[in-house]
Amino acid sequence: MSSPLPPVSQVGLRLQGLLRSRLPGCASSQLRLRRSLKAAAGISVPRLRQRLDGRRLRAAPASAASPPQLSSIRSVVLDIEGTTSPISFVTDVLFPYARDNVRKHLEATYGTDETGDDIALLRAQVEQDLAEGVAGAVPVPPEEAGKDAVVDALVANVEAMIKADRKIISLKQLQGHIWRTGFEGQEIKGVVFDDVPPALQRWHASGIKTYIYSSGSREAQRLIFGNTTYGDLRKYLCGFFDTTIGTKREPRSYYEIWQSVGVDRPSQILFLTDVYQEATAAKAAGVEVLISIRPGNAPLPENHGFQTITTFAEILT
């Protein structure tokens, strides 16, 4: 007589141990191998589906009807502000820190190569702003005018840019360098919603590659997720994209991300954002989209046509 099958719980533990010992992080083969091993052990593998009302994602039998399927997702791309982190963290913590420390930072680092590059970018942006009549732009004097005069003009321009919440590379690069000092000195900590760390861990364990796409610089993104109140979350992330790849409201940007993350089709990417215009751009590029509904987020247009979530716990559970 053949020996009885081991309890399902024991099979699950053996599978988990095998997966942990043999599969590297961020490997797209993890999920397929996990399903193959479970199937070989006689354990049914539910397919993933999303309710048509967009409120929850649940496991459903393979024989169920076919609502929008997310089982083909291989990469998740996350916005930060209003998606992984409260808008208030950005507006009430990060922006004020950069504004209050811009003069101190420029004076302390003036003459370094890094700050020289930052100043060159700011000069070019200010010249463009002056030509276009952008409010708050003031001329930046030449180096011959002296450090104090240059810094005064830069501070005035940066403060105006921050107040207007401008998504421009020159500002974001400088802000990232200022925030670095704050994070390294533990004056500020990255804030994420409570449901974010377990979701990142779950996706990572399932072989789903997760990336960040934000208007903040890549350095700023790494600082935020490397210094959160939950510790360093970068171990669950496979890369960072900023607006050097394109603005977040242009479909081309999401095409470039698709070309970078190593999946066969843009529909294998799931993008999460709180901004309708970003969702529209990603959808136009063929990317799957969910809109994040979080406290403090701006209201969405009526009949916006996108499925929504209120917590990452609703995704791929």
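Let me sum up the structure you'll find in this document. (Residues numbered from 1 in each chain as written. Predicted model: local features only at pLDDT ≥ 70, side-chain atom pairs only at ≥ 80, totals over all residues. Heavy atoms only, no water.)

## Here's the deal with the overall build of the protein
- Of the regular secondary structure elements, the protein holds ten helices and eight strands.
- In the form shown here, the protein has an accessible surface area of approximately 15,700 Å², with 52% of it arising from carbon and sulfur atoms. (Helix = DSSP H or I, 4+ residues; strand = E, 2+ residues; numbered from the N terminus. Areas by Shrake-Rupley, 256 points an atom, 1.4 Å probe, with all protein chains shown as cover.)

## With respect to the side chain of Thr311
- Considering the arrangement of structural elements, one finds Thr311 in the segment after β8 (308-309).
- Sequence-distant contacts of Thr311, defined by excluding residues within four places in its chain, comprise Asp195 and Arg294. (Contact = heavy atoms within 4.5 Å.)

## With respect to helix α7 (residues 196-205)
- The complete set of buried residues in α7 reads Val196, Pro197, Ala199, Leu200, Trp203 and His204. On an axial view of α7, the arc spanned by its buried residues comes to 165 degrees, and they lie on one face.
- Directly after α7, the chain includes Gly207, whose backbone phi takes a positive value near 85 degrees. (Buried < 20%, exposed > 50% of the residue type's maximum accessible area, 1.4 Å probe, protein only. Arc of directions from axis to C-beta.)

## Describing the sheet that holds strand β7 (residues 288-292)
- Read across the open sheet, the six strands follow the order β5-β4-β3-β6-β7-β8; overall the sheet is parallel. Each edge of the open sheet carries a strand with a single partner, namely β5 (239-241) and β8.
- Seen against the sheet, helix α10 (residues 276-284) touches β6 (269-273) and β7 and runs at an angle of roughly 170 degrees to β7. (Pairing = 2+ DSSP bridges. Axes fitted to C-alpha atoms, helices over the stretch in contact; angles between N-to-C directions.)

## Here's the deal with the nonpolar core
- Grouped together as the largest cluster of nonpolar side chains are 53 residues, with contacts concentrated most on Trp179, Trp203, Leu272 and Phe312.
- Looking at this core, the elements that each hand over two or more residues are β3 (75-78), α3 (87-109), α4 (113-132), α5 (147-163), α6 (169-184), α7, α8 (218-226) and β6.
- By size, the runner-up hydrophobic cluster in this structure holds 19 residues, among which are Tyr254, Trp258, Val287 and Val289. (Core = buried A, V, L, I, M, F, W, Y, C linked by side-chain atoms within 4.5 Å.)

## Points about the pairing of strand β4 (residues 209-213)
- Within β4, four of the five residues are buried, leaving the element largely enclosed by the surrounding structure.
- Bridge analysis of β3 against β4 gives four bridges, and the strand direction is parallel. Opposite Leu78, over in β4, you have Ile212 as the bridge partner.
- Direction of pairing for β4 relative to β5: parallel, over a ladder of three bridges. If you follow Tyr211 over to β5, its bridge partner there is Gly239.
- In this region the chain leaves β4, passes through α8 and returns to the parallel neighbour β5; the handedness of that crossover is right-handed. (Right-handed = clockwise from strand over helix to strand, strands pointing away.)

## A short note on unusual backbone geometry
- Positive phi, normally seen in glycine, also occurs at Asp165, with a value near 50 degrees.
- Residue placement: Asp165 occurs in the loop between α5 and α6.
- Its relative accessible area of 32% is what places Asp165 among the partly exposed residues.
- Even without a glycine there, the phi angle at Gln186 is positive, about 60 degrees.
- The topology assignment puts Gln186 in the loop between α6 and α7.
- Given a relative accessible area of 61%, Gln186 falls into the exposed group.

## Re the packing of α4 against α5
- The contact between α4 and α5 brings their axes to 11 Å, and the two run at 65 degrees. Taken together, the axes of α4 and α5 lie roughly perpendicular to each other. Of the two possible hands of crossing, α4 and α5 adopt the one that is left-handed. Here Ile119, Leu122, Arg123, Gln125, Val126 and Asp129 of α4 come into contact with α5, specifically with Val150, Leu154, Asn157, Val158 and Met161.
- Residues belonging to the contact of α4 with α5 are distributed by class as follows: seven nonpolar, two polar and two charged. (Parallel < 35°, antiparallel > 145°, perpendicular 65-115°, else oblique. Left-handed = near helix turned anticlockwise from the far one by under 90°. Nonpolar A, V, L, I, M, F, W, Y, C, P; charged D, E, K, R; others polar.)

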